[in-house]
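# A structural walkthrough
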Amino acid sequence: MTENTDDFGLHTLKPAPNSRRPRKRVGRGEGSGTGKTSGRGQKGAGSRSGSKSRSNFEGGQMPIHMRMRKLRGPHMKKSMPFEPFRTHTQVFNIADLEARFESGDSVTLDMLHSHGLCTKKGIPVKVLAKGELSKPLTVHAHKFSAAARQAIEAAGGTCQVIED
């Protein structure tokens, strides 16, 4: 029975050659290059045993957690934890619809993407009311501002809300 060399799986995975370095062994004599002080320098708190340095220490600069705003509570969109978990929307105005689409078009997310609007996938789309709209369009989006909905319907178009 011959061994199949094309077979691979979790049991055959290994890191790329030379991508893993052996750990540095410190305090093993002067000839090793990291003897005597073991890479800790001469004197000071950092050279002593038990020395601690905070992982988020920024060299005396005001730390990020103190520079950021501190709005508490789960009910506010701006509350902690702040930026990474905030909900975002992609916005565009009805002036963009006027410039890019013909009368009677159905404006879907794919159409918006192909016309250079709303290029990020998976982020909700909101229509805002800046500009004028003179053509009837069927606009599909996750959200509409009240003024944008009014302007689209005044031009003879319809607003279709996309449910996720």
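Whatever comes next refers back to the structure up there.
Residues numbered from 1 in each chain as written. Predicted model: local features only at pLDDT ≥ 70, side-chain atom pairs only at ≥ 80, totals over all residues. Heavy atoms only, no water.

Here we come to the overall build of the protein chain. Helix and strand counts for the protein chain stand at four helices and six strands. Walking the protein chain from its N terminus toward its C terminus, one meets helices and strands in the order α-β-α-β-α-β-β-β-α-β. For the protein chain, with 164 residues in total, the buried portion stands at 19%. Look at the contacts in the protein chain between residues 6 or more apart in sequence, and 39% of them connect residues 24 or more apart. (Helix = DSSP H or I, 4+ residues; strand = E, 2+ residues; numbered from the N terminus. Buried < 20%, exposed > 50% of the residue type's maximum accessible area, 1.4 Å probe, protein only. Contact = heavy atoms within 4.5 Å.)

Residues other than glycine seldom take positive phi values, yet Ser38 does so here, at roughly 55°. Here Ser38 is to be found in the segment before helix H1 (64-67). Phi is positive for Cys118, close to 55°, though the residue is something other than glycine. Tracing the sequence through the fold places Cys118 in the loop between helix H3 (109-114) and strand E3 (125-128).

Assignment of secondary structure puts Ser47 in the segment before H1. A polar contact is formed between the side chain of Ser47 and the backbone oxygen of Gly44, at a distance of 2.7 Å. When neighbours within four sequence positions are excluded, Ser47 is seen to be in contact with Arg40, Gly41 and Gln42. (Polar contact = N/O pair within 3.5 Å; in protein donor to acceptor, adjacent residues only side chain to side chain.)

Okay, the nonpolar core next. Where a protein is soluble and globular, its nonpolar side chains tend to be buried together. Judged by nonpolar contacts, the single largest core of 19 residues is most densely connected at Phe92, Leu97, Leu112, Val127, Val139 and Ile152. When residues of this core are traced back to their parent elements, those giving at least two are helix H2 (94-100), E3, strand E4 (138-141) and helix H4 (146-154). (Core = buried A, V, L, I, M, F, W, Y, C linked by side-chain atoms within 4.5 Å.)

Across the sheet, which stays open at both edges, the three strands sit in the order E2-E4-E6 with parallel pairing between neighbours. In the strand order of this sheet, the two ends are held by strand E2 (106-107) and strand E6 (158-161), each with one partner. The pairing of E2 with E4 spans two bridges and is parallel. What sits directly across from Val107, in E4, is Val139. (Pairing = 2+ DSSP bridges.)

Across the two faces of strand E1 (residues 90-93) the burial differs, with Gln90 and Phe92 buried and Val91 and Asn93 not buried at all. With four bridges joining them, E1 and E3 adopt parallel strand pairing. Paired with Gln90 across the two strands is Val125, which belongs to E3.

Under the criterion given, the structure shown has two salt bridges. We note a salt bridge from Glu58 to Arg67, for which the minimum N-O separation is 3.1 Å. Arg100 serves as the salt-bridge partner of Asp96, at 3.6 Å between the closest nitrogen and oxygen. Taken together, the positions of Asp96 and Arg100, both in helix H2 and four residues apart, correspond to about one turn of that helix. (Salt bridge = Lys/Arg side-chain N within 4 Å of Asp/Glu carboxyl O.)

The next point concerns the sheet that holds E3. Pairing within the open sheet is parallel, and its three strands lie in the order E1-E3-E5. Looking at which strands have only one partner, the edges of the open sheet turn out to be E1 and strand E5 (143-144). The pairing of E3 with E5 spans two bridges and is classified as parallel. Paired with Val127 across the strands is Phe144, a residue of E5.

Attention now moves to the side chain of His142. In this structure, His142 sits in the loop between E4 and E5. Polar contacts involving the side chain of His142 include one to the main-chain amide nitrogen of Val125, which spans 2.9 Å.

Function cannot be read off these values alone, since they describe shape.
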